[in-house]
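Fold and geometry: a report
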Amino acid sequence: MTNPTRAVEEFRLPDLGEGLTEADWVHWVVAVGDRVELNQVIGEVETAKATVELPSPYGGTVEELLVEPGQTVPVGAPLLRIATEDGPAEPAGDSSGPSRPSVLVGYGPGDAPQSRRATRRASADAGRARDGDPPPARPDAKPGARKLAALLEVDLDTVTGTGRGGVITRDDVRRTAGHGDEPTAGHDEEPTAERPHSPAPEASPERTTRIPVGGVRKRTAEAVSRSAFTAPHASVFLTCDATATVDLVSTLRASPAFEGVRPTALSIVTRALLHAIADEPSLNAHWDDDTGEIVLHHDVHLGIATATSDGLKVPVVREAQRLSLPRLARSIAEVADRARTGRSTPSELTGSTVSVTNVGVFGVDGGTPILNPGESAILAVGAISDRPWVVDGALAIRKVVTLSLSFDHRLVDGEQAGRALATIGAFLGDPVPMLLADT
């Protein structure tokens, strides 16, 4: 009887889609010596758009971890080596031929620099696995907190989570690392005379903390820089009376059609934007640098700028122009919630053709947002607040909002942008007839 042979397979970072060329390794959930099954999750990576769990394409025993948490890994770079059974006895390092690439769908092998080995924690975890003890429970932490913990070399098992349900946040990690205990401006410090004498520390020009940049923050920086220095931005502003919109929202919340979803003023604003795009289609377009052409999109894939614990994300509502107001409100709430909770896939965070950002939730009146790369317009909505307003020649207190529309001046002129913003303002001033006309 022939004993099963062992082959060492090398798993490389697959192409995760949407043109991504690299990802940041967040966290290992296996260690050297662990037994893994086919499609068992081995770790997490953070791409430009989302945090993704990676399943193993092989079953066997983990022989070597080749990347460290916090490391940026190019597509095609080796992640780990797994010893499998019933395969040809070919070590992964055999120079007689190329190593077998990952078999995940969409993977394309490519040259990559040599990765550093990550073996910290491996011995202890492997010992537990060989002794038959169950692996320790994985700390409940946000993806951004896991990445920061890896960068600051903080063991998450030693961190007490203060987030909802005990979830570990980035502030918890910083506090454990010793970065959260420094006095801040406005806090009284103990007089120097009352402190025990200690040697004077080395003089430094200033007190700073350097934070490594990666993942969503890194890609956001790259995207806005590319947009700012590629598309000639211009902006127009409009302050308008939104009292009728606020009243309509209150009425809709009691409507059976909106059962299970809470309509907001943003629901009406996005419908107004869609109405404006129907009249000014250049707002839903992009400039093709290769051909020098303007590409008009027939479908409106609406990007909803969303602040998350990991940074800015823009989840997308597909074919928004086809949705009724209740479905539009529900879709906006769903995609934003998935983005905030880290459940969005990369495909759900790409492909928008026009975007809207609600800066009013932060209590500000307006701003000049930077275009999402590949789009020609983005609408910013300020806070809706009580202000004096002239109505029929008399002064009254009304619900007033400031809107700003940033646009790519290569394909949208001030006339088109101005007309579009005026259309949106008129819609918010008297939304019911406009909504009836759209049905």
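This one's a predicted model, so the numbers in the text were calculated from it and none came from an experiment.

Take the overall build of the protein chain next. For the protein chain, the helix and strand inventory stands at 9 helices and 19 strands. Looking at the protein chain as a whole, 42% of its 439 residues qualify as buried. Surface exposure of the protein chain reaches about 23400 Å², of which carbon and sulfur atoms provide 51%.

Below, the discussion takes up the sheet that holds strand β4 (residues 41-46). Across the sheet, 4 strands lie side by side as β5-β4-β2-β7; this open sheet has antiparallel pairing. Strand pairing shows two members of the sheet lacking a second neighbour, β5 (51-55) and β7 (72-74), which therefore form its edges. On average, each strand axis in the sheet is tilted by 45° relative to the strand beside it, whichever way the strands run. Pairing of strand β2 (residues 22-28) with β7, which is carried by 3 bridges, proceeds in the antiparallel orientation. Within β7, the position partnered with A23 by the bridge is V73. Where helix α4 (residues 215-228) meets the sheet, its contacts fall on β2, β4 and β7, and the angle it forms with β2 comes to roughly 165°.

Adjacent strands of a sheet form backbone hydrogen bonds with each other and so pair up, either parallel or antiparallel. Reading across the sheet, the 4 strands line up as β1-β8-β6-β3 and stay open at both edges, with antiparallel pairing between neighbours. Every interior strand has two partners, whereas the edge strands, β1 (6-12) and β3 (35-36), have only one. Bridge count for strand β6 (residues 60-65) against strand β8 (residues 78-85) is 4 bridges, and the pairing is antiparallel. Directly across from L65, in β8, lies its bridge partner L80.

Moving on, we come to the side chain of E46. Assignment of secondary structure puts E46 in strand β4. Among residues more than four places away in sequence, those in contact with E46 are A23, D24, V26, T51, K147, G215, V216 and D310.

Right, let's get into the packing of helix α6 (residues 265-279) against helix α9 (residues 431-438). Relative orientation of the contacting elements α6 and α9 amounts to 60°, with a least axis distance of 11 Å. As summarised for this structure, α6 and α9 are arranged oblique, according to the angle between their axes. Handedness of the crossing formed by α6 with α9: left-handed. Here α6 contributes I268, R271 and H275 to the contact with α9, which in turn contributes P431, M434, L435 and D438. When the residues that make up the contact of α6 with α9 are grouped by side-chain class, the tally is 4 nonpolar, 1 polar and 2 charged.

Here the focus is a nonpolar patch on the surface. On the surface, a nonpolar cluster with roughly 310 Å² of combined accessible area is contributed by V361, F362 and V364. Looking at the element boundaries, V361 is found in the loop between β16 (354-358) and β17 (377-381). The exposure class assigned to V361 is exposed, which follows from its relative accessible area of 58%.

By the burial criterion, the buried members of helix α5 (residues 243-252) are T243, T245, L248, V249 and L252. Packing partners of the buried residues in α5 comprise β9 (233-241), α6, α7 (325-340), β19 (394-408), α8 (414-429) and α9.

Applying the stated rule across the entire model yields 1 aromatic pair. Seen in terms of ring centroids, W25 and W28 are 4.4 Å apart; in terms of plane orientation they differ by 45°. Their pairing is tilted. Classification of W25 as buried rests on a relative accessible area of 0%. Taking the relative accessible area as the measure of exposure, W28 reaches 4% and is therefore buried.

Side-chain direction in a regular strand flips from residue to residue, so the side chains alternate between the two faces of the sheet. The element β16 is largely enclosed, with a buried count of 4 among its 5 residues. With 3 bridges connecting them, strand β12 (residues 302-304) and β16 associate as parallel partners. Considered in β16, the bridge of G303 is made with S355. Note: β16 against β17, 4 bridges, orientation parallel. Paired with V356 across the bridge in β17 is L379.

As for its position among the elements, T270 is in helix α6. Given the relative accessible area of 0%, T270 is considered buried. Here T270 is in contact with L302, L328, I332 and V356, once residues within four sequence places are set aside.

The next thing to look at is the nonpolar core. Counting 48 residues, the largest nonpolar core has V317, L379, L403, L405, I424 and L428 as its most contacted members. In contact with L428, other than residues within four places in its own chain, are C240, D241, A242, A244, T245, I268, V269, A272, V401 and L403. Grouped together as the second largest cluster of nonpolar side chains are 21 residues, W28, Y58, V75 and L79 included.

Considering the arrangement of structural elements, one finds V364 in the loop between β16 and β17. Leave out the neighbours within four places in its chain, and V364 touches V359, G382 and A383.

Conventions we followed
Residues numbered from 1 in each chain as written. Predicted model: local features only at pLDDT ≥ 70, side-chain atom pairs only at ≥ 80, totals over all residues. Heavy atoms only, no water. Helix = DSSP H or I, 4+ residues; strand = E, 2+ residues; numbered from the N terminus. Buried < 20%, exposed > 50% of the residue type's maximum accessible area, 1.4 Å probe, protein only. Areas by Shrake-Rupley, 256 points an atom, 1.4 Å probe, with all protein chains shown as cover. Pairing = 2+ DSSP bridges. Axes fitted to C-alpha atoms, helices over the stretch in contact; angles between N-to-C directions. Contact = heavy atoms within 4.5 Å. Parallel < 35°, antiparallel > 145°, perpendicular 65-115°, else oblique. Left-handed = near helix turned anticlockwise from the far one by under 90°. Nonpolar A, V, L, I, M, F, W, Y, C, P; charged D, E, K, R; others polar. Patch = residues over 30% accessible without salt bridge, like charges linked within 9 Å, V, L, I, M, F, W, Y side chains within 5 Å. Salt bridge = Lys/Arg side-chain N within 4 Å of Asp/Glu carboxyl O. Phe/Tyr/Trp six-rings, centres within 6.5 Å; stacked < 30°, edge-to-face > 60°. Core = buried A, V, L, I, M, F, W, Y, C linked by side-chain atoms within 4.5 Å.

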